[in-house]
Amino acid sequence: MGCLSERYLKELSIEIPQVDKFYGKFDWKNLLQDLGKSYDERLHIERVLTTPAHYAYLKISEGCNRTCAYCAIPIITGHHISRPMEEILDEVRYLVSQGVKEFQVIAQELTYYGIDLYKKQMLPDLIERMADIPGVEWIRLHYAYPAHFPEKLIKVIRERPNVCKYLDIALQHISDNVLAQMQRHVTKAETYHLIRKLREEIPDIHIRTTLMVGFPSETEEDFEELKKFVREIRFDRMGAFAYSEEEGTYSAQHYIDNIPQEVKEKRLDELMAIQTQISAELGKSKIGKQLKVIIDRIEGDYYIGRSEFDSPEVDPEVLIERNENLQLQIGHFYPVKIVSAEDFDLYGNVVLENS
Ligand code: SF4
């Protein structure tokens, strides 16, 4: 069940006959029917969490109306469909009643939220209304798009204490040539302007981005621009990947995948090496600071937690050494002073109230 079987149902059925049945991405009603059960609309916001009980991913829309040349997501998931705001808020209230404190708000393209349903960008309003719900401690935004970025969102992130000073915004590239070929509808100047504005208006914001190397016809000059961008902006978090052609996309139909694989990999390594150095420096700059940390789990000799600047699974964690005098609870927040930074993660000590 999922994207792959949604797109390649016939092919998979032929190639893997041992599988009884494949289901598409949104085919849960048929799945339930085949299991002798039925779907009850009245329970639509109730969920079984597959994350630790204190955080949840909250999907606010499906699909995407952008037309990025390399991307197969609109082909797989279709047009952008926003969930009604009241339904999302009901789900948040339900999850809070189940003990969820932290919400990772996700969508293929967050900033488009509401345009289909309410005829305007409604992400800032949704986040404000979520922030008003008692028990919502952290709201984190994943996958914003840089063009037509809603100004009001900057104010909401800045002013609401339970909205994490964190933004995951996929930028993909910085060279105007590549951005135009990618059909990203944003320029280099606009991208620099947005990032600087976010940093100026939201002190301490941590920005995560994703970049792509080896897009068709990316020249050495384009790549040099990208490296310069990464060095200048010093992203708090950055992921990168090498272009690979996706069947049915605009790129696959109109461009030649003409950057040799070894060049793509070399560029990827170079870019990541720059970021590794930056990440290490940014990690060290946190030594001595006190952060509010939520404990996710216990692993060996450590409690493993995160600050508001860290999303689960993808970002650095804060490790706190266990000892018999320290009893921390999973899903609770503690003030933690950072004492060292290694490779990716931070190490800290809980600041005891009377110390
Ligand atoms: S890259 Fe993101 S914004 Fe662009 S089409 Fe794909 S999902 Fe939409």
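The sections below set out a description of the structure shown in this document. All values reported here derive from a predicted model rather than from experimental measurement.

### Here's the deal with the sheet that holds strand E6 (residues 163-169)
- An order of E1-E4-E5-E6-E7-E8 is seen for the six strands of this open sheet, with the pairing classed as parallel. The open sheet terminates on both sides in strands that have one partner only, identified here as strand E1 (55-59) and strand E8 (237-242). Along the sheet, successive strands turn relative to each other by an average axial angle of 15°, direction set aside.
- Both E6 and strand E7 (residues 206-213) contribute to a ladder of three bridges, which runs parallel. Directly across from Tyr166, in E7, lies its bridge partner His206.
- Each of E1 and strand E4 (102-106) is contacted by helix H5 (residues 85-97), which is oriented at about 170° to E1, the strand it contacts most.

### A few points about the pairing of strand E13 (residues 345-350)
- Side-chain alternation along E13 places Leu346, Gly348 and Val350 on a buried face and Asp345, Tyr347 and Asn349 on a face that remains uncovered.
- Direction of pairing for strand E11 (residues 318-321) relative to E13: parallel, over a ladder of three bridges. Directly across from Leu319, in E13, lies its bridge partner Tyr347.
- Here six bridges tie strand E12 (residues 333-342) to E13, and the two strands are oriented antiparallel to one another. Across the sheet, residue Ala341 finds its bridge partner in E13, namely Leu346.

### Some thoughts on the sheet that holds strand E10 (residues 302-306)
- Here we have five strands rolled up into a closed barrel, ordered E9-E10-E11-E13-E12, and mixed in their pairing. Across this sheet, the average inter-strand angle for adjacent strands is 50°, counted without regard to direction.

### With respect to the site of the ligand
- The immediate surroundings of the ligand are formed by Cys64, Arg66, Cys68, Tyr70, Cys71, Ile73, Pro74, Glu109, Tyr145 and Arg184.
- Tallied by class, the residues present in the shell around the ligand amount to seven nonpolar, no polar and three charged.

### Observations concerning the packing of helix H11 (residues 220-233) against helix H13 (residues 261-284)
- Between H11 and H13, the least distance of the axes is 10 Å, while the angle of their chain directions is 15°. On the basis of the axis angle, H11 is roughly parallel to H13. In this structure, H11 meets H13 at a crossing whose hand is right-handed. Here Glu220, Phe223, Leu226, Lys227, Val230 and Arg231 of H11 come into contact with H13, specifically with Arg267, Glu270, Leu271, Ile274, Gln275 and Ile278.
- Along the lines of polarity and charge, the residues of the contact of H11 with H13 split into six nonpolar, one polar and five charged.

### Let's talk about the packing of helix H7 (residues 123-131) against helix H8 (residues 151-159)
- Between H7 and H8, the least distance of the axes is 8 Å, while the angle of their chain directions is 20°. Considering the angle they form, H7 stands roughly parallel to H8. Of the two elements, H7 crosses H8, and the hand of that crossing is left-handed. Between H7 and H8, the contacting residues are Leu123, Pro124, Asp125, Ile127 and Glu128 on the first element and Lys152, Leu153 and Val156 on the second.

### Notes on the nonpolar core
- Among the nonpolar cores identified, the biggest contains 61 residues, and Ile60 and Ile127 are the most heavily contacted of them.
- In terms of residue count, H5 provides more of this core than any other element does, seven residues in total.
- Ignoring anything within four residues of it in the chain, the contact list for Ile60 reads Ser82, Arg83, Ile88, Val105, Ile106, Ala107, Leu110, Tyr113, Leu123 and Leu126.
- In terms of nonpolar packing, the next biggest core, distinct from the first, is built from 15 residues, Tyr303, Phe309, Ile320 and Leu328 among them.

### Thoughts on a nonpolar patch on the surface
- On the surface, a cluster of nonpolar side chains totalling about 300 Å² of accessible area is made up of Met1, Phe26 and Trp28.
- As for its placement among the helices and strands, Trp28 is situated in helix H3 (residues 28-34).
- Look at Trp28 and you get partly exposed, because its relative accessible area is 35%.

Reading the values: the criteria
- Residues numbered from 1 in each chain as written.
- Predicted model: local features only at pLDDT ≥ 70, side-chain atom pairs only at ≥ 80, totals over all residues.
- Heavy atoms only, no water.
- Pairing = 2+ DSSP bridges.
- Helix = DSSP H or I, 4+ residues; strand = E, 2+ residues; numbered from the N terminus.
- Axes fitted to C-alpha atoms, helices over the stretch in contact; angles between N-to-C directions.
- Contact = heavy atoms within 4.5 Å.
- Buried < 20%, exposed > 50% of the residue type's maximum accessible area, 1.4 Å probe, protein only.
- Near = heavy atom within 4 Å.
- Nonpolar A, V, L, I, M, F, W, Y, C, P; charged D, E, K, R; others polar.
- Parallel < 35°, antiparallel > 145°, perpendicular 65-115°, else oblique.
- Left-handed = near helix turned anticlockwise from the far one by under 90°.
- Core = buried A, V, L, I, M, F, W, Y, C linked by side-chain atoms within 4.5 Å.
- Patch = residues over 30% accessible without salt bridge, like charges linked within 9 Å, V, L, I, M, F, W, Y side chains within 5 Å.
- Areas by Shrake-Rupley, 256 points an atom, 1.4 Å probe, with all protein chains shown as cover.
- Salt bridge = Lys/Arg side-chain N within 4 Å of Asp/Glu carboxyl O.

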